[in-house]
Amino acid sequence: MPEYEFVDVYVPRGVSRKEATRLLTDHAEYGHWELDRLSLLRDGSRRVRLRRRIIRQVRASW
């Protein structure tokens with residue numbers, strides 16, 4: 001089963017949808033993150049959880 005690491009990103013309510021999209025796109029493109037969960041809070045801010053797969057090297061035995 002794959003293992004993931006997570007990062008939480010907080011987007012304040014003053015940030016437009018277009019700017020938030022650009023921010024998350026940059027995380028996805030350059031950091032290889034993908035969207036795990038997005039929560040829209042009552043005050044208009046967003047809490048985003050991103051994840052990426054952890055790739056572990058298997059030690060070769062000789």
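Source: prediction; values computed, not measured.

As for the pairing of strand β3 (residues 46-54)
Thought 1: The pairing of strand β1 (residues 3-11) with β3 spans nine bridges and is antiparallel. When the sheet's bridge partners are listed, Glu3 is paired in β3 with Ile54.
Thought 2: Turn length for the strand β2 (residues 34-40)-β3 hairpin, with the two strands adjacent in sequence and antiparallel, is five residues, and the turn residue Gly44 shows positive phi of about 95°.

Topic: the pairing of β2
Thought 1: Pairing geometry for β2 and β3, over six bridges, is antiparallel. Within β3, the residue paired with Arg37 across the bridge is Arg49.

Describing the sheet that holds β3
Thought 1: Taking strand neighbours across the sheet as the criterion, the three strands line up as β1-β3-β2 in an open arrangement whose pairing is antiparallel. Pairing within the sheet leaves two strands with one partner each, and these edge strands are β1 and β2. Across the sheet, the mean angle from the axis of one strand to that of its neighbour is 20°, orientation sign disregarded.
Thought 2: Most of the contacts of helix α1 (residues 17-31) go to β3, to which it runs at about 10°, and overall it touches β1 and β3.

A look at the pattern of salt bridges
Thought 1: One pass over the structure, following the stated rule, counts five salt bridges.
Thought 2: Residue Glu3 is joined to Arg56 by a salt bridge in which the shortest nitrogen-to-oxygen separation is 3.1 Å. One end of the pair, Glu3, is in strand β1; the other, Arg56, is in the segment after β3, and 53 residues separate them in sequence.
Thought 3: Among the residues examined, Glu3 registers a relative accessible area of 41% and is labelled partly exposed.
Thought 4: Residue Arg56 is classed as exposed on the basis of its relative accessible area of 56%.
Thought 5: Among the salt bridges present, the one from Glu34 reaches Arg51, with a minimum N-O distance of 2.6 Å. Of this pair, Glu34 sits in strand β2 while Arg51 sits in strand β3, and the two are 17 residues apart along the sequence.

What counts, and at which threshold
Residues numbered from 1 in each chain as written. Predicted model: local features only at pLDDT ≥ 70, side-chain atom pairs only at ≥ 80, totals over all residues. Heavy atoms only, no water. Pairing = 2+ DSSP bridges. Helix = DSSP H or I, 4+ residues; strand = E, 2+ residues; numbered from the N terminus. Axes fitted to C-alpha atoms, helices over the stretch in contact; angles between N-to-C directions. Contact = heavy atoms within 4.5 Å. Salt bridge = Lys/Arg side-chain N within 4 Å of Asp/Glu carboxyl O. Buried < 20%, exposed > 50% of the residue type's maximum accessible area, 1.4 Å probe, protein only.

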